[in-house]
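Chain by chain, the residues run as shown.
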Amino acid sequence: MTPPGRSGPESTTREPIIQEPVSTQPAPAAPDAEAEATRRAAGVTESARANRRWWDRNADEYQIEHGTFLGDDRFVWGPEGLDEVEAALLGPAEELKGRTVLEIGAGAAQCARWLAAQGAHPVALDISHRQLQHALRIGSSFPLVCADAAALPFADASFDLACSAYGALPFVADPRLVLREVRRVLRPGGRFVFSVTHPIRWAFPDEPGPEGLTVAASYFDRTPYVEQDEDGNAVYVEHHRTIGDRVRDVVTSGFRLVDLVEPEWPDWNTSEWGGWSPMRGHLIPGTAIFVCERD
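Conventions and cut-offs
- Residues numbered from 1 in each chain as written.
- Predicted model: local features only at pLDDT ≥ 70, side-chain atom pairs only at ≥ 80, totals over all residues.
- Heavy atoms only, no water.
- Axes fitted to C-alpha atoms, helices over the stretch in contact; angles between N-to-C directions.
- Helix = DSSP H or I, 4+ residues; strand = E, 2+ residues; numbered from the N terminus.
- Left-handed = near helix turned anticlockwise from the far one by under 90°.
- Contact = heavy atoms within 4.5 Å.
- Nonpolar A, V, L, I, M, F, W, Y, C, P; charged D, E, K, R; others polar.
- Buried < 20%, exposed > 50% of the residue type's maximum accessible area, 1.4 Å probe, protein only.
- Lys, Arg positive; Asp, Glu negative; His and termini not counted.
- Salt bridge = Lys/Arg side-chain N within 4 Å of Asp/Glu carboxyl O.
- Polar contact = N/O pair within 3.5 Å; in protein donor to acceptor, adjacent residues only side chain to side chain.
- pLDDT = per-residue confidence, 0-100.
- Phe/Tyr/Trp six-rings, centres within 6.5 Å; stacked < 30°, edge-to-face > 60°.
- Lys NZ or Arg CZ within 6 Å of the ring centre and 35° of its normal.

## What about the packing of helix α5 (residues 175-185) against helix α6 (residues 243-252)?
Any two packed helices are characterised by the angle at which their axes cross and by the distance between the axes. As a packed pair, α5 and α6 sit with axes 9 Å apart at the nearest point and diverge in direction by 35°. Judged by the twist between their axes, the crossing of α5 over α6 is right-handed. On α6, the residues touching P175, R176 and L179 of α5 are R246, D249, V250 and T252. Classifying every residue of the contact of α5 with α6 by side-chain character gives three nonpolar, one polar and three charged.

## Looking at unusual backbone geometry
Comment: phi is negative for the bulk of residues other than glycine, and the bulk of peptide bonds are trans. With a phi angle near 65°, A109 is a residue other than glycine that sits in the positive phi range. Following the sequence through the fold, A109 ends up in the loop between β3 (100-104) and α3 (110-117). The exposure class of A109 is buried, given its relative accessible area of 0%. We note that Y166 has phi near 60°; this positive angle belongs to a residue other than glycine. Relative to the helices and strands, Y166 resides in the loop between β6 (159-165) and α5.

## Structural notes on the side chain of R294
Counting through the fold element by element, R294 comes out in strand β11 (residues 287-294). Among buried charged residues, R294 stands out as having no salt bridge; its nearest opposite-charge side chain is D156, 7.5 Å away. Among the polar contacts listed, one links the side chain of R294 to the backbone oxygen of L186, at a separation of 2.4 Å. With near-sequence residues (within four places) excluded, R294 lies in contact with R183, R184, L186, R187, P188, G189, G190, G254 and F255.

## Concerning the confidence of the model for the chain
Low-pLDDT stretches of the model should not have their predicted coordinates read in fine detail. Of all residues in the chain, 89% attain a pLDDT of 70 or more, and the chain-wide mean is 90. This model gives residues 1-32 a pLDDT under 50, and the stretch forms 65 contacts once residues within four places in sequence are excluded.

## Considerations on the environment of G107
The topology assignment puts G107 in the loop between β3 and α3. Owing to a relative accessible area of 6%, G107 belongs among the buried residues under this scheme. Through-space distance from the C-alpha of G107 to that of Q131 is 4.9 Å; in sequence the pair is 24 residues apart. Residues within four places of G107 in sequence aside, it is in contact with D126, Q131, L132 and A135.

## Overview of α5
Regarding α5, the residues found buried are P175, V178, L179, E181, V182, R184 and V185. Looking at the buried residues of α5, the elements they touch are β3, β6, β7 (186-197), α6, β10 (255-261) and β11.

## A short note on the packing of aromatic side chains
Tallied over the entire structure, the rule returns 16 aromatic pairs. Taking the centre distance of 6.2 Å and the plane angle of 75° together, the rings of F171 and Y236 count as edge-to-face. With F171 in the loop between β6 and α5 and Y236 in strand β9 (residues 234-238), this pair connects stretches of sequence that are 65 residues apart. Accessibility expressed as a relative area gives 13% for F171, which makes it buried. Among the aromatic side chains, those forming a connected cluster through ring pairs are W54, W55, Y62, F69, F171, Y225, Y236 and W273. Between the NZ or CZ atom of R74 and the centre of the ring of F69, over which it lies, the distance is 5.8 Å.

Okay, here's the thing in structure tokens:
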């Protein structure tokens, strides 16, 4: 994709905007009734194109299914329900006031909306135009930007903080491209916190019941999970990195790893979310949260 021109975030903007990146890709075709699931190589361009279209097609269903759990203005790090109110991974809530914050993979911008309520100046970015339309539907007083996380349209050192709750990083072929871009737009000493599916989950079937507790694949197999149409074109891609890979990605991209959080499943959470469930959650971790600071 052609990277949009870089400019500083409009932290004083009070009306929501959607900044569209330049794209030469054709409009997405109607999805097939059944996509074939496989494991095969998928590069940077193919992954980005497939996932942009997948999220545009499935944003409505996603918000219907998970909107109640996510709320309109909660900051939830994953299916376990760990809330930034209690976790304070970005720092104490009272210290967020006046800080510029970039949310990557924002979806309907629930996290950015919570940040704005604390007095921060967030910018919500997502690759999916349709997801950001849900952010407009709910309402926002901060900028919404439609762009690829691997080509952030912001000037160097534009933000104090950055965050991503299951956004972008699980879906990109080379997470270092995203991490280096985030480092570039953060000010020195800035913090970036992101959550992803816990890497150990890739060794187990993605099932919430007992069938999801037996190892079925190698944890060390990094071949991407791909759903493809009848012509072999990817329509959804998710990439696997081991814990060691994630740590090396963080460090080689110029960050210092401050903490690695593996949320435990709380007793109050009786929800099932795909392969996440109370039964599995009490036995094996489902989410990994990386707390990083720019050197």
